[in-house]
Amino acid sequence: MKRQILLMDMSSSSNTSGVDRYLESLLNGLTRVGTYEIIWLSLRNDPQLFFHKEEQKEGYKKIIIPLPEEQDPIISTQFWCEQYYRVVIEIISRYLSIYSVSLVHIHTLNLIDLALIMKEEYGCKIITHLHCIPWKGVLNLHKDLFKEQYQQYYKEKNYNRKIYMTNISEERSYLSADKVICVTACAKEFVHNIAQTSKERIAIITNGMDDCNTEGDKHREFPKKGRRLLYVGGLSESKGIFTILNTMDRLHKQGKTFELIAAGSVDSRTRNLIETKYSHLNIQLPGRVDFETLKEYYKWADIGCIASLQEQCSYVAIEMAMFGLPIITTAVDGLDEMFIDGVSALKVRTLFHRYIGLRIDEDQLVQTLIRLSENSSLRASLSIGARKRYLSKFTLSRMIEETCKVYEEVIQ
């Protein structure tokens, strides 16, 4: 009889996140292997979802339960959080025997409380999957707090966990899980430093995905000058979109014109700002697009631009590498681990000042973009290097093999 693995996450219908991309890949890989009985519990923020439901997918079962309409006061308060999770357990018990669940694999840190209730009452094991370093998410919301936390962590090496915990559940998600999976080495160091847990309890499994490049290792052809730029991701300050636009503006004033497709969710205020301030630049803002459209963008572009100020194992970076796109990326967080400078990407440094904050070295970005755009042989070399990097580090088969090893270790 196959052992049951319960995957759990919280998601929103208004956004496709890196976690969503990961779960799609994980489910494809696990069902292909066929070693386990997979059940996916998705707690969903969706105005069109009124009742819980079960969906039988190919190779796994999916249970979808609505999150509370006003979820923040409930999820962030211990008492109400537990009451909600008790209801969730009552609902899922209609669809499966919870006693049969061997392992709960959580992908949203808030869900540790639900997993701990199940462990106490039904005896399952728990894996926490850390897809991002939570405190860095405050960059878009509270810049002053981010600057202080960055100063404390990176400059003063102050690992007092109270400085960095973002909610009541985060600390327990590190301390109470049987195993923590991180997607980067820097995240493993963070968990070790903050939770003071042994490194043996923390695994590193980089993200992976199936090869969607139908042309395989066929070398791309590049024009003499590469002026078509591609950015993929939410259009926010932490993702570096405005640094890319400022760079294009500076180059435009030098008579060097570029074309940019910036694909990703964009609010009306940001769209209006970009279309007004940079109306003289050749910019397309298609918003969120499906993966088939993204594939065409990856083939169209001469250069992929990743300008994030905080990132882990980016699926956009994996996709760009898969399609052999020459990449310029910031040397920050997990992005710095993903590529080898000059071989599989060109890296641009970030600068930090306690009072100014974290920023990309825009002067270096300008010079790097000029260098790459005017050197077709360098673009060809980086294209080959990026594709090789994908094949060696970011395939789905490797991710699934390493994940199953951790499952077996924890279940025993």
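Every chain's residues receive numbers from 1 upward, in the order its sequence appears when written. Restriction of local features to residues with pLDDT of at least 70 applies here, the model being predicted, together with a cutoff of 80 or more for giving and counting side-chain atom pairs; totals for whole chains, interfaces and linings are based on all residues. Each side-chain value is derived from all of the structure's non-hydrogen atoms; neither hydrogens nor water enter the calculation.

Enquirer: Pulling in residues and values, what's your account of the pattern of salt bridges?
Expert: A side chain of one charge can pair with a side chain of the opposite charge if their charged atoms are brought near each other. Take a side-chain nitrogen of Lys or Arg and a carboxyl oxygen of Asp or Glu: if they are within 4 Å of each other, that pair is a salt bridge. All chains considered together, the criterion is met by 33 salt bridges. We note a salt bridge from Lys61 to Glu54, for which the minimum N-O separation is 3.3 Å. Lys61 gets classed as buried once you look at its relative accessible area, which sits at 17%. Working definition: with a 1.4 Å probe on protein chains only, accessible area under 20% of the residue-type maximum means buried, over 50% means exposed, and in between means partly exposed. A relative accessible area of 37% means that Glu54 is categorised as partly exposed. Glu55 is the salt-bridge partner of Lys57, the closest N and O atoms lying 3.1 Å from each other. Overlapping salt bridges, with partners in common, bring together Lys53, Glu55 and Lys57 in one network.

Enquirer: Please provide a residue-by-residue account of the pairing of strand β3 (residues 53–57), values included.
Expert: One ladder, built from 5 bridges, connects β3 with strand β4 (residues 60–66); its direction is antiparallel. Considered in β4, the bridge of Glu55 is made with Lys62. At least two bridges found by DSSP between two strands is the condition for calling them paired. Every helix listed is a DSSP run of H or I at least four residues long, and every strand listed is a run of E at least two residues long, numbered separately from the N terminus.

Enquirer: Explain the nonpolar core residue by residue, including any values.
Expert: Joining through side-chain atoms within 4.5 Å is the link that ties buried Ala, Val, Leu, Ile, Met, Phe, Trp, Tyr and Cys residues into a set, and such a set is a nonpolar core. Among the nonpolar cores identified, the biggest contains 85 residues, and Leu41, Leu43, Tyr85 and Leu260 are the most heavily contacted of them. Looking at which element gives the most residues to this core, the answer is helix α3 (residues 78–92), with 7 residues. Those residues in contact with Leu260, other than ones at most four positions away along the chain, are Leu229, Leu230, Tyr231, Ile241, Ile244, Leu245, Met248, Asn282, Ile283 and Gln284. Grouped together as the second largest cluster of nonpolar side chains are 55 residues, Leu7, Leu27, Val406 and Val410 included. Throughout, a contact is declared for two residues whenever any of their heavy atoms are within 4.5 Å.

Enquirer: Lay out unusual backbone geometry with the relevant residues and their values.
Expert: If you check the backbone angles, Lys157 has positive phi at about 55 degrees while not being a glycine. Among the structural elements, Lys157 can be located in the loop between α5 (143–155) and α6 (170–175). Within the chain, Gln196 stands out as a residue other than glycine whose phi angle is a positive 55 degrees. By the element assignment, Gln196 lies in the loop between α7 (185–195) and β8 (202–204). Gln196 gets classed as exposed once you look at its relative accessible area, which sits at 61%.

Enquirer: Run through empty space enclosed by the protein, naming residues and quoting values.
Expert: Each cavity reported here is a set of points on a 1 Å grid over the protein atoms alone in which a 1.4 Å probe fits but cannot get out, each pocket an open set with protein on both sides within 12 Å along at least five of seven lines, and each lining residue one with an atom within 4 Å of a point. Grid points are joined across faces, edges and corners, and a volume is the space filled by probe spheres set on the points. Taken as a whole and assessed by the stated rule, the structure comprises 1 cavity of 30 Å³ or more. Considered as a void within the structure, the largest cavity measures approximately 50 Å³ in volume. Every residue along the wall of the largest cavity is listed here: Ile244, Cys305, Ile306, Ala307, Ile328, Thr329, Thr330, Val348 and Leu365. Taken together, the elements giving at least two residues each to the lining of the largest cavity come down to β12 (303–306) and β13 (327–330). Looking at the lining of the largest cavity element by element, the count peaks at 3 residues for β13. Residue composition of the lining of the largest cavity, grouped by class: 7 nonpolar, 2 polar and no charged. Gly is put with the polar residues, along with every residue not named as nonpolar or charged; the nonpolar set is Ala, Val, Leu, Ile, Met, Phe, Trp, Tyr, Cys and Pro, and the charged set is Asp, Glu, Lys and Arg.

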